[in-house]
Number of protein chains: 2
Amino acid sequence: MTMLRANTQRVLKDLYHLRSIGAYKTGVHRPTLSANDMIARKWLADQLLAIGHKTTIDGIANVYGRAPADGPIVLAGSHIESQNHAGWLDGALGVVYALEAARVAKETGIPGGVDVIAFADEEGHFSGASFLGSESFAGDISEDAMDGSVCRSGRGRLRDLLANAGLASRERVKIEPERYAAFFEAHIEQGQTLETEGLNIGVVTSIVAIWQYRITFTGIQNHAGTTKMAIRRDAGKALMGLWYRIEEEFPEISGQHSVWTVGRVKLSPGQPSIIPGSAEMIVQFRDAEPATLDRLKAKLYELVKEAGECPCTATIENMGESKPAQMSKALQSTLIDAAKIHAPEKWLIMPSGAGHDAQVIAPLIPSAMMFIPSIGGISHHWTETTCDEDIAKGAQVFVDAIGRVMSGG
Amino acid sequence: MTMLRANTQRVLKDLYHLRSIGAYKTGVHRPTLSANDMIARKWLADQLLAIGHKTTIDGIANVYGRAPADGPIVLAGSHIESQNHAGWLDGALGVVYALEAARVAKETGIPGGVDVIAFADEEGHFSGASFLGSESFAGDISEDAMDGSVCRSGRGRLRDLLANAGLASRERVKIEPERYAAFFEAHIEQGQTLETEGLNIGVVTSIVAIWQYRITFTGIQNHAGTTKMAIRRDAGKALMGLWYRIEEEFPEISGQHSVWTVGRVKLSPGQPSIIPGSAEMIVQFRDAEPATLDRLKAKLYELVKEAGECPCTATIENMGESKPAQMSKALQSTLIDAAKIHAPEKWLIMPSGAGHDAQVIAPLIPSAMMFIPSIGGISHHWTETTCDEDIAKGAQVFVDAIGRVMSGG
């Protein structure tokens, strides 16, 4: 077996180049279909053309390069746009690792090849889908969904921004599952586990499901001075009571990796001298185990029912219950084999608490995800970063693992 | 002693006329210095001129009419502007009662007279003061404060709106405390006590103080999927913990009439998938007893200190601690004497949970406040109302009580 070896200087050079496109402090600002995002996409397309890949930026801005090769083909990639004013590696790392794997595979001359993809809008700048680009690639985005999608930051309709980018008339590429032996995606961890434990590589077992609910309390809006405590129907206080019970009771029934968050609360009208007449909260929880998800959901519904009995009413709306995505056991072993060479005893198997395009691709072809450390676990902020050594080590494991799949082991 | 008797048909006619100026559904929309507010002020000034009062709309839009009389002078009034899209009686009732008292005093020909005032902006449309008009009348508003005051709804600077209304060059009238035997203000209750107990008249003992605090929690903003529960520093959860303890512990130490409210809560950044890095709440409480206020404040500070120990920090900012205003005991007795005639066994002594101009005037001259019922306790909303019979009964008590003061009893 020929081991594929990454050119880590080339990897770092490419990442630093991408960091210069839409630079914001030490991070980047490249929202999907912004001018700088399109510069980054065209740069990637040029790199793929330069190694002979048949390359397109498709009708939803996915950048897709097909290796002109016979033999086992691996698909690799991630996303290239960023959150607003966010980190330089989130997405870009996995794209550059994929590009490097494609180059090394070609240079090494082994049979097969690496197709590279940069999915559009993994970061969710546009409405209508959780993962617009990968869901389009998987065949899950209708023309109607495209029509209705708008930028969540007010930059306009998806269709108009695609037209401005010159992509309006292009077809959207769909996956050919039979073409691929595997899909590989690399990413920064966005958490502190690897850093805290002094490790280099996370081999992802599964991508957790996100279940999210909007809970609305209705009471009676009234004057905060003239309304006695005993007759108040304070929607804010009712919300607080539910929140308290969630934080008390979820730890009793959650799994080892469960997380839950109340990230948004709104009291109406939100004035210091007015008793809130209505109040809304969004409760989200994540886990990879369907039984745990079901247990947390049942508890939440039970608590909402109790919280809505008196003196306010409560309703709960399901905002989305995604499925956990299992990564291929065989590909986990392949990543572990590579990690044992390049980062011996410095790897860990772990679930992904964040969502990734790999969860959309996993139902279609065997898929794998690999993490490298995030300093301080910081994510979706311009201070996000990782040291060059960890980036280099990750590239070696990633490229080696892909080579093993192409070699049939 | 000559009993003054209100012409209740005239009172109702005037109130219905004011209701037609800036009518909004069944209420009114007359923010301070709006075109309709100025129409109402000019209407009032005309009524006062018609009974021979020396009348001005002064440099802050207070409408002030002086009775051309010898003998005991009573000051009476309230405010004439409304909250946005609010009720027809809040403010207007007390102004029309005062106008009626002035008319009846003149018509009856008893010695003395009733000066009438409609204070500007009791409803707080402009920044820089809690009670702009009455504080100006009391001599508490500087020219600098006038310069800095702006409309909270974005209609511009106070100075510019006064200039548009033709009031820029006018002096601001100051109270001559030695002129007055008393100040009387009538108002709808803005609560449900009178209605619930089937009563007609509330004799106000004191106007409660409002103490208000901004509490800010600082934690660490992080990814809601990749940050384990054990290492989170969730500012929102910390805020909820304090809120829970306030609701648990305040009932143990509050007074009979104490009220407290969390009307505003803000989680930052307020996204479902981001652990709040900071969180802010405004806690307000009201009571007429200084000892109770002190006790609630000490408890709040103690709870904030505990809440800020781990894992988030907490700070508390004093946003204002007003003084409770005691109404004159003698004038309470006068109101009770009148109530015993016109609403026997249908009156109650009670504190005012809401703020009123009378709290600004009370430190300067003996002051009294009288409430009539509010249907459903609704206030600051266009559905606010009171039945004609209650309005008429209130006018009789109000005018009679003023007559008793003018007669020296």
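Throughout this document, residue positions are counted from 1 along each chain, in the order its sequence is written. Think of it this way: whatever chain is written first is A, whatever ligand is written first is 1, and the rest follow in order. pLDDT decides what is reported in this predicted model: residues at 70 or higher carry local features, side-chain atom pairs at 80 or more are listed and counted, and totals for whole chains, interfaces and linings draw on all residues regardless. With hydrogens and water set aside, each side-chain value is computed from the structure's full complement of heavy atoms.

### A few points about the relation of the copies chain B and chain A
Applied cut-off: The fit set for superposing copies consists of C-alpha atoms from residues with pLDDT of at least 70 in both; the fit itself is least squares. Note on definitions: a residue-residue contact is assigned when non-hydrogen atoms from the two residues lie within 4.5 Å.
Note on the identical chains: chain B maps onto chain A by a rotation of 180° and an axial translation of 0.2 Å, with an RMSD of 0.3 Å. Here the transformation between the copies is reduced to the relation of a two-fold axis. In terms of proximity to the rotation axis, the leading residue of chain B is methionine 240 of chain B, whose C-alpha is 3.2 Å off the axis. A share of 100% of interface residues in chain B that are also interface residues in chain A marks the association as one of identical surfaces.

### Structural notes on the interface of chain B and chain A
Quick reminder of the rule: What gets called buried area is simply the loss in accessible area from a 1.4 Å probe that two parts show on being joined, summed for both. The salt bridge definition used is simple: a Lys or Arg side-chain nitrogen within 4 Å of an Asp or Glu carboxyl oxygen. For this analysis, a polar contact is any N or O atom pair within 3.5 Å, provided that within protein one partner can donate a hydrogen and the other can accept it, and provided that sequence-adjacent residues contribute only side-chain to side-chain pairs. Secondary structure elements are taken from DSSP: a helix is a run of H or I of four residues or more, a strand is a run of E of two residues or more, and numbering for both begins at the N terminus. Gly is placed with the polar residues, together with every amino acid not listed as nonpolar (Ala, Val, Leu, Ile, Met, Phe, Trp, Tyr, Cys and Pro) or charged (Asp, Glu, Lys and Arg).
Contact residues are listed per partner, giving 46 residues for chain B and 46 residues for chain A. When the two sides are added together, the surface that chain B and chain A hide from each other amounts to roughly 4,000 Å², 57% of it contributed by carbon and sulfur. The largest contributions to the chain B side of the interface with chain A come from Met240, Trp243 and Pro272 of chain B, which together make up 15% of the buried area. Taken together, the links from chain B to chain A amount to two salt bridges. With a closest N to O distance of 3.8 Å, lysine 237 of chain B and glutamate 247 of chain A form a salt bridge. The tally of links between chain B and chain A comes to 15 residue pairs in polar contact (both at pLDDT 80 or more). Residue assignment for the side of chain B that touches chain A shows that the elements contributing at least two residues are β10 (222-223), α8 (235-253), β11 (259-268), β12 (274-275) and β13 (278-287) of chain B. It is β11 of chain B that provides the largest number of residues to the side of chain B that touches chain A, a total of eight residues. Grouping the constituent residues of the side of chain B that touches chain A by class yields 17 nonpolar, 22 polar and seven charged.

### Considering the sheet that holds β13 of chain B
Within a sheet, each strand pairs with its neighbour through backbone hydrogen bonds, oriented either parallel or antiparallel. Residues and elements named next belong to chain B. Stated precisely, the cut-off is as follows: Pairing between strands is defined by DSSP: at least two bridges between the two strands are required. Only the contacting stretch of a helix is used when fitting its axis, a line to C-alpha atoms as for every element, and angles between N-to-C directions run 0 to 180 degrees.
Taken in spatial order, the four strands make up an open sheet running β11-β13-β9-β14, and their pairing is antiparallel. Every interior strand has two partners, whereas the edge strands, β11 and β14 (313-321), have only one. Going from strand to strand, the sheet's axes swing by 15° on average, the running direction of each strand aside. Bridge count between strand β9 (residues 209-218) and β14: eight bridges; the pairing is antiparallel. Directly across from glutamine 212, in β14, lies its bridge partner glycine 320. Against the sheet, helix α9 (residues 290-307) touches β9, β13 and β14, its axis set at about 0° to β9.

### Some words on the side chain of glutamate 384 of chain B
Selection criterion: For every residue, the accessible area obtained with a 1.4 Å probe (protein chains only) is divided by the maximum for its type, and the residue is called buried under 20%, exposed over 50%, and partly exposed between those limits. Positive: Lys, Arg. Negative: Asp, Glu. His and the chain ends are not part of the count.
Topologically, glutamate 384 of chain B is positioned in the loop between β17 (367-372) and α12 (388-406). Arginine 19 of chain B provides the closest opposite charge to the buried, unpaired glutamate 384 of chain B, separated from it by 7.8 Å.

### Quick look at the pairing of strand β3 (residues 54-57) of chain A
All names here are of chain A. Bridge analysis of β3 against strand β4 (residues 63-66) gives four bridges, and the strand direction is antiparallel. Among the inter-strand pairings, threonine 55 is bridged to a residue of β4, identified as glycine 65. Between the antiparallel neighbours β3 and β4 lie five residues, among them alanine 61 with a positive phi of about 80°.

### Things to note about the pattern of salt bridges
As a working rule, side chains carrying opposite charge can pair if their charged atoms are close by. All names here are of chain A. Under the defined criterion, the tally for this structure stands at 43 salt bridges over all chains. A salt bridge links arginine 10 to glutamate 100, with the shortest nitrogen-to-oxygen separation between them at 2.9 Å. Here glutamate 100 lies in helix α3 (residues 92-108) and arginine 10 lies in helix α1 (residues 8-20), a separation of 90 residues in the sequence. According to the relative accessible area criterion, glutamate 100 is buried, its value standing at 1%. Here the salt bridges do not stand alone but share partners, grouping Arg10, Asp14, Glu100, Arg103 and Glu107 into one network.

### Some remarks on the environment of isoleucine 282 of chain B
All names here are of chain B. Looking at the secondary structure, you find isoleucine 282 in strand β13. The exposure class of isoleucine 282 is buried, given its relative accessible area of 1%. With 17 residues separating them in the primary sequence, isoleucine 282 and valine 265 have C-alpha atoms 6.8 Å apart.

### Concerning the packing of helix α1 (residues 8-20) of chain B against α12 of chain B
All names here are of chain B. Our working definition: Roughly parallel covers angles under 35 degrees, roughly antiparallel covers those over 145, roughly perpendicular covers 65 to 115, and oblique covers all other angles. Helix crossings get a hand from a simple test, with the near helix turned counterclockwise from the far one by less than a right angle marking a left-handed crossing and a clockwise turn marking a right-handed one.
The interhelical angle for the contact between α1 and α12, taken along N-to-C directions, is 120°, at an axis separation of 9 Å. Judged on the interaxial angle alone, α12 and α1 are oblique. As for the relative orientation of α1 and α12, their crossing is right-handed in sense. Every residue of α12 that contacts α1 at Thr8, Val11, Leu12, Leu15 and Tyr16 is listed here: Asp388, Ile391, Ala392, Ala395 and Gln396. Of the residues in the contact of α1 with α12, the class split is seven nonpolar, two polar and one charged.

### Re the sheet that holds strand β11 (residues 259-268) of chain A
Residues and elements named next belong to chain A. Taken in spatial order, the four strands line up as β11-β13-β9-β14 in an open sheet, and their pairing is antiparallel. Each end of this open sheet is capped by a strand with a single partner; those strands are β11 and β14 (313-321). When strand polarity is set aside, the average angle formed by the axes of neighbouring strands in this sheet is 15°. Examined bridge by bridge, β11 and strand β13 (residues 278-287) share nine bridges and lie antiparallel to one another. Along β13, the bridge assignment pairs valine 262 with valine 283.

### Overview of the packing of aromatic side chains
All names here are of chain A. The condition that has to hold: Between rings of Phe, Tyr and Trp, where Trp is taken as its six-membered ring, a pair exists when centres lie within 6.5 Å; planes separated by under 30 degrees are stacked, by over 60 edge-to-face, and by other angles tilted.
Under the criterion given, the structure shown has 24 aromatic pairs over all chains. Ring geometry for tyrosine 24 and tryptophan 382: centres 6.5 Å apart, planes at 80°, overall edge-to-face. On the criterion of sequence distance, the pair formed by tyrosine 24 in strand β1 (residues 23-24) and tryptophan 382 in the loop between β17 (367-372) and α12 (388-406) is long-range, its members being 358 residues apart. The class for tyrosine 24 is partly exposed, based on a relative accessible area of 27%. Each member of the aromatic cluster is reached from another via a ring pair, and the members are Trp211, Tyr213, Phe250, Trp260, Phe285 and Tyr301.

### A look at the confidence of the model for chain A
Quick reminder of the rule: pLDDT expresses, on a scale from 0 to 100, how confident the predictor is about each individual residue.
Here chain A averages 96 in pLDDT, and 100% of its residues register 70 or above. Model confidence for the complex is summarised by a pTM of 0.84, with the ipTM given as 0.84.

### Regarding helix α10 (residues 329-342) of chain A
All names here are of chain A. Definition in use: Expected span of a helix, by definition, is 1.5 Å for each gap between consecutive residues, and there is one gap fewer than residues.
The end-to-end C-alpha distance of α10, which contains 14 residues, comes to 20 Å, matching closely the 20 Å that a straight helix rising 1.5 Å per residue would cover. Among the residues of α10, Leu331, Gln332, Thr334, Leu335, Ile336, Ala338, Ala339 and His342 are the ones counted as buried. Contacts from the buried residues of α10 go to β7 (180-188), β8 (201-207), β16 (347-352), β17 and α12. Near the N-terminus of α10, the side chain that reaches the backbone nitrogen of alanine 330, with its oxygen 3.3 Å away, is that of serine 328.

### Details of the packing of α1 of chain A against α3 of chain A
All names here are of chain A. Contact geometry for α1 and α3: axes closest at 10 Å, N-to-C directions at 140°. By the angle class used here, α1 and α3 are oblique. Seen from above, α1 lies across α3 with right-handed handedness. Together, Arg10, Val11, Asp14, Leu15 and Leu18 of α1 and Ala92, Leu93, Val96, Tyr97, Leu99, Glu100, Arg103, Val104 and Glu107 of α3 make up the contact between the two elements. For the contact of α1 with α3, the per-class residue count stands at nine nonpolar, no polar and five charged.

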